[in-house]
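Notes for the structure review
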Amino acid sequence: MLSRTAAVLLPLFGRLTVTREAREPFAAGSVFVANHDSLADPALVLAALRGVGVTPVVMAAAGLWRVPVLGRALAQGGHIPVHRRTARAADALEAAARPTRWRPPRGRCGRGAMC
């Protein structure tokens, strides 16, 4: 939802051209890392990723979940809150890694064992 919104709003402010070398889609579990210097940068990154067929899940400061409309969009999009400077900060990394872990196929998974 956020990347779609960013892609819709971006033309109101300017143009964004996204190029890449590979033509095939990104592999499932691909990780994109982007630091940002301004409040506009996250929207640009979301729009750029959407432009190449990626609907990202982002990690963001947990305080953003308290912003009325934005917080609801983040929660509905499955994005990951980062509780900075707390013991819970590492939970965000665990949550982000969870979908990228390899899972054995259902059925037999070696040496006759059933999964």
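Residues numbered from 1 in each chain as written. Predicted model: local features only at pLDDT ≥ 70, side-chain atom pairs only at ≥ 80, totals over all residues. Heavy atoms only, no water.

**Description of the overall build of the protein chain**
A count of helices and strands for the protein chain gives four helices and two strands. Across the protein chain, helices and strands are ordered from the amino to the carboxyl terminus as α-α-β-α-β-α. Within the protein chain, the proportion of its 115 residues that are buried is 17%. Taking contacts inside the protein chain between residues at least 6 apart in sequence as the whole, the part at least 24 apart equals 37%. Only carbon and sulfur atoms are counted for the fraction: they give 58% of the accessible area of the protein chain, which is about 9200 Å². (Helix = DSSP H or I, 4+ residues; strand = E, 2+ residues; numbered from the N terminus. Buried < 20%, exposed > 50% of the residue type's maximum accessible area, 1.4 Å probe, protein only. Contact = heavy atoms within 4.5 Å. Areas by Shrake-Rupley, 256 points an atom, 1.4 Å probe, with all protein chains shown as cover.)

**Considerations on the packing of aromatic side chains**
In total, this model carries one aromatic pair according to the counting rule given. On the basis of an interplanar angle of 85° and a centroid distance of 4.9 Å, the ring pair of Phe-26 and Phe-32 is categorised as edge-to-face. One cation-aromatic arrangement involves Arg-20 over Phe-26; the distance from NZ or CZ to the ring centre is 3.9 Å. (Phe/Tyr/Trp six-rings, centres within 6.5 Å; stacked < 30°, edge-to-face > 60°. Lys NZ or Arg CZ within 6 Å of the ring centre and 35° of its normal.)

**Topic: a nonpolar patch on the surface**
Judged by side-chain polarity, Val-8, Leu-9, Leu-12 and Phe-13 come together as a nonpolar surface patch covering roughly 480 Å² of accessible area. Relative to the helices and strands, Val-8 is located in helix H1 (residues 2-9). (Patch = residues over 30% accessible without salt bridge, like charges linked within 9 Å, V, L, I, M, F, W, Y side chains within 5 Å. Salt bridge = Lys/Arg side-chain N within 4 Å of Asp/Glu carboxyl O.)

**Section: the nonpolar core**
Formed by Leu-2, Ala-6, Leu-10, Leu-46, Ala-47, Ala-73 and Leu-74, the largest nonpolar core amounts to seven residues. Going through the elements one at a time, H1, helix H2 (41-51) and helix H3 (68-76) are the ones with two or more residues in this core. In this structure, Leu-46 is in contact with Leu-2, Ser-3, Ala-6, Pro-56 and Val-58, ignoring residues within four places of it in sequence. (Core = buried A, V, L, I, M, F, W, Y, C linked by side-chain atoms within 4.5 Å.)

**Description of the confidence of the model for the protein chain**
Overall, the predicted model of the protein chain reaches an average pLDDT of 81, with 86% of residues at or above 70. Strand S2 (residues 80-82) holds the highest mean pLDDT among the elements of the protein chain, 93, whereas H1 holds the lowest, 78. (pLDDT = per-residue confidence, 0-100.)

**A word on the side chain of His-79**
Tracing the backbone through its elements, the reader meets His-79 in the loop between H3 and S2. With relative accessibility at 9%, the residue His-79 sits in the buried group. Only 2.9 Å separates the side chain of His-79 from the backbone nitrogen of Val-58, close enough to count as a polar contact. If sequence neighbours within four positions are ignored, His-79 has contacts with Leu-2, Pro-56, Val-57, Val-58, Trp-65, Ala-73 and Leu-74. (Polar contact = N/O pair within 3.5 Å; in protein donor to acceptor, adjacent residues only side chain to side chain.)

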